[in-house]
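Fold and contact review
Spelled out, the chains give:
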Amino acid sequence: MATWRPDPTFYPSPRLAIKAPPERLAYVVRLNAHPNGQPEALCVVDVDPSSSTYSKIVGVSDVPYTGGELHHHGWNACSSMLCPNAPHPHIERRYLVVPDIRSSHITIFDVKENPTKPKVVKVIDPEEVFERAFYSRPHTVHCGPDGIYISALGTPDGEGPGGIFILDHETFEVLGRWEIDRGDQYLHYDFWWHLGYDTMITSEWGTPRMIEHGVLGEELLAGKYGHRIHLWDLHRRRRTAVLDVGAEHQMLLELRPAHDPTKAYGFVNSVVSLKDLSSAIWVWYRQNGEWKIRKIIEIPAEPAEEEQLPDILKPFKAVPPLVTDIDLSVDDRFLYVSCWGTGELRQYDVSNPFEPKLTGVLQIGGIVRRAGHPAVSGPLNGGPQMVEVSRDGRRVYFTNSLYRAWDEQFYPDGIRSWMVKVDVDPEGGMRFDPNFFVDFGEYRAHQIRLEGGDASSDSYCFP
């Protein structure tokens, strides 16, 4: 819906976004641990410390179908609408676009009329995505200045190539596939951009066949999961460069470019090394007109007794960190790293992206550690997974479920899902909020979106 003035939650620069009012609500997708004919849902969590329902689920809106798995969702519009070349500067941040990674539905929720009761206003059927884009398993949503961009893991037959397709901002109609010339790009996962450099970046996981029933051990050990990032001309929609970290480093996933549009660098995580089960963080950067990539952080696996481990890890007698998400604060200072396997959230000062400094570690859950939380008694399982940072960088939220089939492989006793909040010291360091623990019970929580935007929802065109 168009308005006379730009949406007040759009900010020209990250500096102004940091000064925005604190969020009061979080929108969290919830899935069934065991498919039982019940639909998945979008949940609303009260994150206002002054509220009587703080740390409670205050709204639940089901999707109008069954048999899916909600995963990553995003806003229909954001701060990129204020870019000089934005054709839709008066679209408002009103709708959450929620793709289903298993069934390939896309549900549009209106959160304006009643923010605690999101209303389904449209469902895009899988057949429309198949016909117009020839993609399936939609995964990640980003609002761009010229449309709503959605990544997809593959084609309707469960193979590749995966890629990106576009929705119209106003009608949510599938416009078509984004790529004009992809070269040999076949695997796909995440995407984001450097708007100031007219550059798109995409990463690699695996085809739907390679991920939907858990990790395929033989293909993993053969180095067949993703290990490259691709650079694209954003406007010409053509691939311009490839950066390969080597097949030893499997599953190059989350992309977090610098928020300052004058900075041409960003971070990506690799999940597991075939050499020693470590995880790593890499920085891509532009130097003398050429894109490069460098490993800056390596997180080792931890030794463990065979009887403590799920079957997939028993031969290795170690717990890999399994870094499956990262997030960068809006001021580009702190990088948060989720170690889903070992049960750690790590904070690094990346003011100098080539010399990161570890400034904080919190432990919760973990395959072996099963660390607890101040608000509950007893051990917890799962581990830090989807992480989201408030615009001012003072609060971090995260959940503990990765993906249903992978949950069962690495936590075979079943994940009891939760969402927690961390308070951040402006100079580095963090601590759990002892009053914030959301128990999702037998349901599983995944992606978090914060009211008015967050550190991984918006991109900016002005420094």
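From a predicted model like this one, the values you see are computed outputs, not experimental measurements. (Residues numbered from 1 in each chain as written. Predicted model: local features only at pLDDT ≥ 70, side-chain atom pairs only at ≥ 80, totals over all residues. Heavy atoms only, no water.)

**A look at the state of the cysteines**
Under the defined criterion, the tally for this structure stands at two disulfides. A disulfide bridge connects C78 with C143, and the sulfur atoms are separated by 2.2 Å. On the sign convention where negative is left-handed, the bridge of C78 and C143, at about 125° about the S-S bond, is right-handed. Residue C78 is located in the loop between β4 (74–75) and β5 (95–99), and its partner C143 is located in strand β8 (residues 136–144); the two are separated by 65 residues in the primary sequence. The same class applies to C78 as to C143, namely buried. Here C83 is linked by a disulfide to C461, with a sulfur-sulfur distance of 1.8 Å. Across the disulfide from C83 to C461, rotation about the S-S bond amounts to roughly 85°, and the bridge is consequently right-handed. With C83 in the loop between β4 and β5 and C461 in the segment after β30 (443–450), this pair connects stretches of sequence that are 378 residues apart. When its relative accessible area of 4% is taken as the criterion, C83 is described as buried. What connects to what in the protein, once the bonded cysteines are numbered by sequence position, is 1-3, 2-4. (Disulfide = S-S within 2.5 Å. Helix = DSSP H or I, 4+ residues; strand = E, 2+ residues; numbered from the N terminus. Buried < 20%, exposed > 50% of the residue type's maximum accessible area, 1.4 Å probe, protein only.)

**A few points about the pairing of strand β13 (residues 199–202)**
Neither face of β13 is left uncovered, since the one carrying T199 and I201 and the one carrying M200 and T202 both have all their residues buried. As judged from the four bridges shared by strand β12 (residues 191–194) and β13, these two strands associate in the antiparallel manner. Looking at β13, one finds that F191 is bridged to T202. Linking β12 to β13, which pair antiparallel, is a turn of four residues; within it D198 sits at a positive phi near 50°. By the bridge criterion, four bridges tie β13 to strand β14 (residues 228–233) in an arrangement that is antiparallel. Counted as the bridge partner of T202 is H230 from β14. (Pairing = 2+ DSSP bridges.)

**A short note on helix α2 (residues 126–133)**
Those residues of α2 lying buried are P126, V129 and A133. Within α2, the buried residues cover an arc of 75° as seen down the axis, which keeps them to one side. Opposite the buried face of α2, by more than 90 degrees, sit the exposed residues E127 and E131. Structurally, α2 contributes buried residues whose contacts are with β6 (106–110), β7 (119–124), β10 (163–167) and β11 (174–177). Once α2 ends, the next one or two residues include F134, with phi positive near 55°. (Arc of directions from axis to C-beta. Contact = heavy atoms within 4.5 Å.)

**With respect to the sheet that holds strand β27 (residues 395–399)**
Taken in spatial order, the four strands line up as β26-β27-β28-β29 in an open sheet, and their pairing is antiparallel. On the outer flanks of this sheet lie β26 (387–389) and β29 (430–441), each paired with one strand and no other. Between one strand and the next, the sheet's axes are offset by a mean angle of 15°, whatever the strand orientation. Sheet topology places β26 next to β27; three bridges connect them, and they run antiparallel. Residue pairing for β27: V389 is matched across the bridge by V396. (Axes fitted to C-alpha atoms, helices over the stretch in contact; angles between N-to-C directions.)

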